[in-house]
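# Observations on chain architecture
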Amino acid sequence: MEETPGTPGTQPPAPLPGPPEAGDVVGLGVMGLFFVMLLWLGVAFIRKKRRENLETLTRELEKPSADDEERLLPEGETPLRVDLARTPETVPVRPADDAETRQAYARGLEKTRSSFFSKLTSLLSGTHEIDEKIIAELEPLLIQADVGVKTTDRLLAIVKEKLGKKELGSADKVKDALREEILRMVNLPAPPLEQRKERPCVVMVIGVNGAGKTTTIGKLASKLRQAGHKVVLGAGDTFRAAAVEQLKVWGDRAGCETVEGKEGQDPASVIFEAARRGKEVGADFILADTAGRLHTKVNLMEELKKVSRVVQKAVENAPHEVLLVLDATTGQNALIQAEQFNQALPITGIALTKLDGTAKGGIIVAICDQLKLPIRYVGVGEKLEDLRVFDAKAFVDGLFGD
């Protein structure tokens, strides 16, 4: 028998869903807002970690091995310090800004300029509206040119500040702002060696293997001889095959006496004899070559300090200059080398070689900005005259292609 509605045993039809209540709508909106904020925080966190990882990567390119986990300086021993009382007054030095100098820098920086800074120029020349979006586009260009994460942040902070003050209304003004700040960073006090008053002036040349120390010394000796100075060379790289012979060839070409040691002889004793010989013959400059060494090797860095202590026994307050030779093609590793060598010896200047062979000439900006160490010489070619006294303005002009 068919049951009628309302009789026992029957199920009433399900009610039709009504419109959502106001409280449900608010809840859904809050939940949606929560997920949007969570997504935004996640993106911000990822960008922050990416920047931190970039910086960490540059710092750990040459992380010491497990055998070298000792501190670079023994406990209780402080790094040597420059005696400021005997350092001549220093002011930013700009060599004569002649056309030949500008052309030499332009040639030497061609790879850097065409690879990265030309992209910067193209980016700015194609920008019609100048706003903070330009910062996101500038960042990878500067980092790829080996300006470094920290220095890139400083440059972009200045651009951002000027944008906020409405001072950058055109692409040319953005470019000019970058140019002005980079010039300020690299234009550090760097007087020529000839301005040193000590006689003899002992210049200790240090660096890793293959950076170009011996060649740099030879070219520098030739420059000093052409300027009328008497120069003695100390062949302290007694461990590398043919290093002494190579330096002697450079000395003969330049008309300099070279004090040699036997193969495997203690470098400190060779440099001591070179310093003593320089005093005997009335030399103006003594250029001391040292054995190349990895900056992560504690015992080798201690040997450098020993050389510095020993040479003081021959010439008062020597070495008067400590010149670190860096290979520009090593990029951020050059910055790491400069940091660690500077912990062992008070570097007074840097000679950057092979600048013409790299597309990452921005490393000069990073070294000057982060370590405040002046660039004294740059190698912009293979010829003798291509070892140039660093000219900050010519360098910046070469970067920007002006």
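Cut-offs applied
Residues numbered from 1 in each chain as written. Predicted model: local features only at pLDDT ≥ 70, side-chain atom pairs only at ≥ 80, totals over all residues. Heavy atoms only, no water. Buried < 20%, exposed > 50% of the residue type's maximum accessible area, 1.4 Å probe, protein only. Helix = DSSP H or I, 4+ residues; strand = E, 2+ residues; numbered from the N terminus. Pairing = 2+ DSSP bridges. Axes fitted to C-alpha atoms, helices over the stretch in contact; angles between N-to-C directions. Contact = heavy atoms within 4.5 Å. pLDDT = per-residue confidence, 0-100. Parallel < 35°, antiparallel > 145°, perpendicular 65-115°, else oblique. Nonpolar A, V, L, I, M, F, W, Y, C, P; charged D, E, K, R; others polar. Phe/Tyr/Trp six-rings, centres within 6.5 Å; stacked < 30°, edge-to-face > 60°. Lys NZ or Arg CZ within 6 Å of the ring centre and 35° of its normal. Expected span 1.5 Å × (residues − 1). Arc of directions from axis to C-beta. Left-handed = near helix turned anticlockwise from the far one by under 90°.

## Description of the pairing of strand β1 (residues 201–206)
The buried fraction of β1 is high, at 6 of 6 residues. A two-sided burial pattern is seen for β1, the buried positions comprising Cys-201, Val-203 and Val-205 on one face and Val-202, Met-204 and Ile-206 on the other. In this structure, β1 lies alongside strand β4 (residues 285–290), joined through 5 bridges in parallel fashion. Bridging across to β4, Cys-201 finds its partner in Phe-285. In this sheet, strand β5 (residues 321–327) lies alongside β1 in parallel orientation, the contact comprising 4 bridges.

## Some details on the sheet that holds β1
One open sheet accounts for 8 strands, arranged β3-β2-β4-β1-β5-β6-β7-β8; its pairing is mixed. Sheet topology places β3 (257–259) and β8 (387–389) at the edges, where each strand pairs with a single neighbour. The average undirected angle you get between the axes of adjacent strands in this sheet is 25°. Packing against the sheet, helix α8 (residues 243–254) makes contact with β2 (231–236), β3 and β4, and its axis sits at approximately 170° to β2. Strands in contact with helix α12 (residues 363–371) are β5, β6 (349–353) and β7 (375–379); relative to β7, the strand with the most contacts, it is inclined by about 170°.

## Topic: the confidence of the model for the protein
For the protein, the mean per-residue pLDDT works out to 76, and 74% of the residues sit at or above 70. No element of the protein has a lower mean pLDDT than helix α1 (residues 22–59), which averages 62, and none a higher one than β1, which averages 93. Note that pLDDT drops below 50 for residues 56–96; the model gives that stretch 71 contacts with residues more than four away or on any other chain.

## Looking at the packing of helix α5 (residues 149–164) against α12
Following both chains from N to C, one finds α5 and α12 inclined at 85°, their axes separated by 9 Å at the closest point. Comparing the axis directions of α5 and α12 gives the class roughly perpendicular. Contact residues: Lys-150, Thr-151 and Arg-154 in α5; Val-365, Ala-366, Asp-369 and Gln-370 in α12. The class makeup of the residues in the contact of α5 with α12 is 2 nonpolar, 2 polar and 3 charged.

## Notes on the packing of aromatic side chains
All chains considered together, the criterion is met by 1 aromatic pair. Stacked on the ring of Trp-250, the Lys or Arg Arg-253 has its end atom at 5.2 Å from the ring centre.

## Section: the environment of Cys-368
In this structure, Cys-368 sits in helix α12. Along the sequence, Cys-368 and Arg-184 sit 184 residues apart, while their C-alpha atoms lie 9.7 Å from each other. In this structure Cys-368 touches Met-185, Val-186, Leu-188, Leu-373 and Ile-375, once residues within four positions along its chain are discounted.

## Looking at helix α9 (residues 267–281)
Its 15 residues give α9 an end-to-end C-alpha distance of 21 Å, which sits within 8% of 21 Å, the value for a rise of 1.5 Å per residue. Among all positions of α9, only Pro-267, Ala-268, Val-270, Ile-271, Ala-274, Ala-275 and Gly-278 are buried. All buried residues of α9 fall inside an arc of 160° around its axis, so they share one side.

## Here's the deal with the environment of Ser-114
Among the secondary structure elements, Ser-114 is positioned in helix α3 (residues 110–125). Classification of Ser-114 as partly exposed rests on a relative accessible area of 47%. Residues Ser-114 and Phe-400, spaced 286 residues apart in sequence, show a C-alpha to C-alpha distance of 9.6 Å.

## Considerations on the packing of helix α6 (residues 171–186) against α12
A pair of packed helices is captured by two measures, namely the crossing angle of their axes and the spacing between those axes. Two numbers describe how α6 lies on α12: the axes approach to 8 Å, and their chain directions differ by 60°. The angle between α6 and α12 places the two elements in the oblique class. Here α6 and α12 pass one another in a crossing that is left-handed. For the pair α6 and α12, contact is made by Ile-182, Met-185 and Val-186 and by Ile-364, Val-365, Cys-368 and Asp-369, respectively. Per-class residue counts for the contact of α6 with α12 are 6 nonpolar, no polar and 1 charged.

## Points about unusual backbone geometry
Here the amide bond leading from Arg-199 into Pro-200 is cis, since omega sits at 0°, within 30 degrees of zero. Tracing the backbone shows Pro-200 in the loop between α6 and β1. A cis geometry characterises the amide bond from Ala-318 onward to Pro-319, with omega recorded as -5°. Checked against the element boundaries, Pro-319 lands in the loop between α10 (298–311) and β5. Unusually for a residue other than glycine, Asp-146 sits at a positive phi of about 65°. Relative to the helices and strands, Asp-146 resides in the loop between α4 (133–144) and α5. Even without glycine at this site, Lys-354 takes up a positive phi of about 60°. By the secondary structure assignment, Lys-354 is in the loop between β6 and α12. For Lys-354, a relative accessible area of 34% translates into the label partly exposed.

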